Structures are given as C-alpha cells and as structure tokens.
Amino acid sequence: MPILPDSTAVVTGAAGGIGRALAARLVAEGVRVVVNDIDEVRLAETADQIGAHPVAGDAASVEGVARLVGAAKDHLGQIDTWYGNAGIDRGHGLDCPEEDWQASHEVNVMAHVRAARLLVPEWVERGSGRYVVTASAAGLLMMVGTPTYSVTKHAAVAFAEWLSATYRHHGIVVQAICPQGVQTGMLERAGQMAGLLSRDGALTPEQVADSAWEATADDRFLVLPHPEVADYYAARATQTDKWLGGMNRLWQHVEGQV
C-alpha cells in the first residue's frame, strides 16, 4: 500500500542526517509530517526549512514515546506511518561500559517496541499502518569494533521481522532501512572505520531517503540503499565461517591502522 498525499507520518531523529532527509522527502510528496529529535534547536530549524511540525523530546523512554505519540495525534489527527529513525552508536570494544550498552538498547531497540505498543493496536483496528525502522546494514551483517551497535541493530531488525510476521495480515507494513556508509555525523565520527563503512560508497542522506520512498511502492521489508548488502547478507547466511573469517581479516586491517 503506497504512502498517499495528505497521509500522516512521524519521523524520529529528524534534526539532521537520514531523519531530516526522510522527512523532507515525505513533505515533498504531500505527506503531513511531525519531526522529532532531542536537539530542540536544530529540530525547530529543520521543521521550518522543510515544512514539518516539530515535537522535541526523547523518543526512546516510555514517557517520551507516549508524549510524542500524543502530540503527533493532536497535530495530525492520526498517525499513518512511523519512521523510527533515531539511533546512537555509543560503545566500542568488549570493555565498553554498562551505560553504553543500556543506552544503545534503549534507543536502538526499546524505542521501537514502545512506539509499536502505542501504534499497532489502533492500526490493527483500522486495518492499515506502516512502521519503518532505520536499522543499518550492521543489523544484517555487523559493525566490527562496536558490539553495542551491532547487537542492538540486529535486535532492531529482529523486532521489525517479528512485527511483520505477526501483523501483516492486518494490513500493517513493516520495513527496515539498512544502508552502509551514509554521509552523516556518525560516519564522520567513525575515524579509522570510515573507509570500511564506505567501501561501497558513502551515500547522501537524500539518496537513502529516495530508496526508502521507492520501497513504499512495493512494501518490501528490506530497503537496501547499497544493493551489495544483499549479497553480503546471503554469504553470511550460507557461508558463515568464510564470512566470519573475512570480517576478522577486515578487523585485523583496522587494528593495524590504530
């Protein structure tokens, strides 16, 4: 079921990067959009520039998600599509602190669970709705060096799969956007990892948004702005030891550069 003009959407993590690009594309297609981010100043600027309605705040906590859903409904009337785009990349190596694991789990996983709890029952009742997760290719493959990001993005994909398998017969579409390197602050902070993440080219956020929009035409679950990820994903599943050996060699290369 394609996204129609004058339908409604919420995009989290939308002050910049992929979230901003997703929101801008939706607005350009005639969708009424609420944008959310914890950075209130940047969010207000983004909303003004692209023609969306800002609702600043935490999109991960139980209370924060409830406030966002309530405010979005107040402004839009109803929520047709939810883009769970907010994410963090805290924590590197086996000795990363408990706080980084917890924060990653809250933002990268539980934010989706908590939003779905509030959205899905209403969508089931009316027989339509769309939940889109920005999960990263790391959710299908891995991010060497960063266990918190790898594990929680895998969990985000797993939750999206569960939603799709459980609710698609009720008219609910679930999709997972899984790009590799994207020209955002996250890539800029990647340091020695930036080259690895960009091995198949670093896309602009707008290119990712274009891929996400195109995928609404056929409601495919996996949205792969880097099509090469499909082959890597297949190799990971069918030649697991070979694939893990290759990832180990990549990590040895990164270690040698540090």
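Residues numbered from 1 in each chain as written. Predicted model: local features only at pLDDT ≥ 70, side-chain atom pairs only at ≥ 80, totals over all residues. Heavy atoms only, no water.

What the protein contains, in helices and strands, is ten helices and seven strands. By its C-alpha atoms, the protein is 55 × 40 × 30 Å across when sized along the principal axes. Per-residue burial for the protein yields a buried fraction of 49% across its 258 residues. Of the roughly 11,900 Å² that the protein leaves accessible, carbon and sulfur atoms contribute 54%. Both charge centroids of the protein, one from 19 positive and one from 31 negative side chains, sit 4 Å from each other. (Helix = DSSP H or I, 4+ residues; strand = E, 2+ residues; numbered from the N terminus. Buried < 20%, exposed > 50% of the residue type's maximum accessible area, 1.4 Å probe, protein only. Areas by Shrake-Rupley, 256 points an atom, 1.4 Å probe, with all protein chains shown as cover. Lys, Arg positive; Asp, Glu negative; His and termini not counted. Charge placed at Lys NZ, Arg CZ, Asp CG, Glu CD.)

Right, let's talk about the packing of helix α1 (residues 17-28) against helix α2 (residues 40-50) for a bit. For the pair α1 and α2, the least separation of the axes is 10 Å and the interaxial angle reads 25°. When the interaxial angle is binned, α1 and α2 end up roughly parallel. α2 is crossed by α1, and the crossing has right-handed handedness. Only T46, Q49 and I50 of α2 make contact with α1, whose side of the interface consists of R20, A23, A24 and V27. (Axes fitted to C-alpha atoms, helices over the stretch in contact; angles between N-to-C directions. Parallel < 35°, antiparallel > 145°, perpendicular 65-115°, else oblique. Left-handed = near helix turned anticlockwise from the far one by under 90°. Contact = heavy atoms within 4.5 Å.)

Moving on, we get to the nonpolar core. Core analysis: the biggest nonpolar cluster contains 38 residues, and V10, I79, W82, L119, W123 and Y131 have the highest contact counts within it. Residue assignment for this core shows that the elements contributing at least two residues are α3 (62-76), α4 (98-126), β5 (129-134), α5 (147-167), β6 (172-177) and α10 (240-257). Examining the composition of this core, we find that seven residues originate from one element, α4, more than from any other. Ignoring anything within four residues of it in the chain, the contact list for I79 reads T8, V10, V69, A72, K73, L119, W123 and R126. One finds I3, I18, V208 and A215 within the second-largest nonpolar core, a separate group that totals 29 residues. (Core = buried A, V, L, I, M, F, W, Y, C linked by side-chain atoms within 4.5 Å.)

Attention now moves to the packing of aromatic side chains. Here the structure, examined in full by the defined rule, presents two aromatic pairs. Judged by centre distance (6.2 Å) and plane angle (15°), the rings of F159 and W162 are stacked. Of this pair, F159 and W162 both sit in helix α5, three residues apart, which is roughly one turn of that helix. Assessed through its relative accessible area of 16%, F159 is described here as buried. When the ring of W162 is compared with that of Y167, the centres are 6.1 Å apart and the planes differ by 80°; the resulting orientation is edge-to-face. Residue class for W162 comes out partly exposed when judged on its relative accessible area of 45%. Here Y167 falls in the partly exposed class, since its relative accessible area comes to 22%. Aromatic rings pair up to connect F159, W162 and Y167 into one cluster. The ring of W243 has R236 lying over it, and the distance from NZ or CZ to the ring centre is 5.8 Å. (Phe/Tyr/Trp six-rings, centres within 6.5 Å; stacked < 30°, edge-to-face > 60°. Lys NZ or Arg CZ within 6 Å of the ring centre and 35° of its normal.)

One non-glycine residue, D6, lies in the positive phi region at around 70°. Looking at where D6 falls in the secondary structure, it is placed in the segment before β1 (8-11). Taking the relative accessible area as the measure of exposure, D6 reaches 54% and is therefore exposed. Its identity is not glycine, yet D219 carries a phi of approximately 60°, on the positive side. With respect to the helices and strands, the residue D219 is situated in the loop between α8 (205-215) and β7 (222-223).

A separate point is the pattern of salt bridges. Applying the stated criterion to the full structure yields ten salt bridges. Across the pair K73 and E122 runs a salt bridge whose closest N-O atoms are separated by 2.9 Å. On the criterion of sequence distance, the pair formed by K73 in helix α3 and E122 in helix α4 is long-range, its members being 49 residues apart. The partner of D80 in a salt bridge is R126, with the nearest N and O atoms 2.9 Å apart. With D80 in the loop between α3 and β4 (81-84) and R126 in helix α4, this pair connects stretches of sequence that are 46 residues apart. Owing to a relative accessible area of 17%, D80 belongs among the buried residues under this scheme. Where salt bridges share partners, they join K73, D80, E122 and R126 into one cluster. (Salt bridge = Lys/Arg side-chain N within 4 Å of Asp/Glu carboxyl O.)

Bringing α2 into the picture now. What sets the pattern is the α-helix's 3.6 residues per turn: residues three or four places apart point alike. Buried residues of α2: L43, T46, A47 and I50, and no others. The arc that holds the buried residues of α2, viewed along the axis, is 100°, so those residues lie on one side. Projecting away from the buried face of α2 at angles above 90 degrees are the exposed residues V41, D48 and Q49. On its buried side, α2 packs onto α1, β2 (32-35) and β3 (53-54). A positive backbone phi angle near 85° is found at G51, which sits one or two residues after α2. (Arc of directions from axis to C-beta.)

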